[in-house]
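# Understanding the architecture of this molecule
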Amino acid sequence: MADAKRSQQEAYWCKLVGKSGKAETAGVAAESFAIGRAPGNDMQVPDQRISSVHCILRRVAKSTVEYLLEDRSTNGTFVNGERVGKGHSRALKNADVIALLSPGQVSDAGPTRE
């Protein structure tokens, strides 16, 4: 059982770890992973401050930049405290901190997985 769990974890290219008490940890194995308020996202966050599709994490093949965050949010998505900007993308590296709300704001709603 432990070997199966380890194999599954090794298949993940991204691990999302929530900061609030209600947030969950999620492994990402798909080439893209959508986060937002609307049903149909890979991770749904039921908070009105979160856009329908807030951001998309992408694994980019055959590139010097392997992982990207695409911001689709009106209110902004933040990487290490810096706003990405709607319609813009940012390369991600190990241990980057992604925030769906501006630093200092905390969501009371925990995410759910589709």
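Residues numbered from 1 in each chain as written. Predicted model: local features only at pLDDT ≥ 70, side-chain atom pairs only at ≥ 80, totals over all residues. Heavy atoms only, no water.

## Quick notes on the sheet that holds strand 8 (residues 82-83)
Short version of the rule: Strand pairing requires that DSSP identify at least two bridges connecting the strands. The helix and strand labels rest on DSSP assignments: H or I over at least four residues marks a helix, E over at least two residues marks a strand, and numbering proceeds from the N terminus.
Sheet architecture is open: three strands sit in the order 8-7-10, paired in antiparallel fashion. Pairing within the sheet leaves two strands with one partner each, and these edge strands are strand 8 and strand 10 (98-99). Bridge count for strand 7 (residues 78-79) against strand 8 is two bridges, and the pairing is antiparallel. In the sheet register, Phe78 faces strand 8, and the bridge partner there is Arg83.

## Describing the pairing of strand 5 (residues 55-59)
Side-chain positions along a regular strand alternate between the two faces of the sheet. For strand 3 (residues 32-36) and strand 5, the ladder comprises four bridges, and the chain directions are antiparallel. Bridged to Ile35 within strand 5 is Cys55. With five bridges joining them, strand 5 and strand 6 (residues 67-71) adopt antiparallel strand pairing. Bridging from a neighbouring strand, Leu57 pairs with Leu69 of strand 6.

## Digging into the pairing of strand 6
Pairing of strand 6 with strand 9 (residues 89-91), which is carried by three bridges, proceeds in the antiparallel orientation. Among the inter-strand pairings, Leu68 is bridged to a residue of strand 9, identified as Ala91.

## Section: the pattern of salt bridges
Side chains that carry opposite charge are capable of pairing whenever their charged atoms lie near each other. Formally: Just to be clear on terms, a salt bridge is a Lys or Arg side-chain nitrogen sitting within 4 Å of an Asp or Glu carboxyl oxygen. Relative accessibility thresholds used throughout: buried, under 20% of the residue-type maximum; exposed, over 50%; partly exposed, between the two (1.4 Å probe, protein chains only).
Considering all chains together, one arrives at five salt bridges under this definition. Two residues, Arg72 and Glu70, come together in a salt bridge whose shortest N-O distance is 2.8 Å. Note on Arg72: relative accessible area 36%, which makes it partly exposed. Between Glu82 and Arg90 there is a salt bridge, with the nearest N and O atoms lying 3.6 Å from each other. Arg90 gets classed as partly exposed once you look at its relative accessible area, which sits at 23%. Overlapping salt bridges, with partners in common, bring together Arg58, Glu70 and Arg72 in one network.

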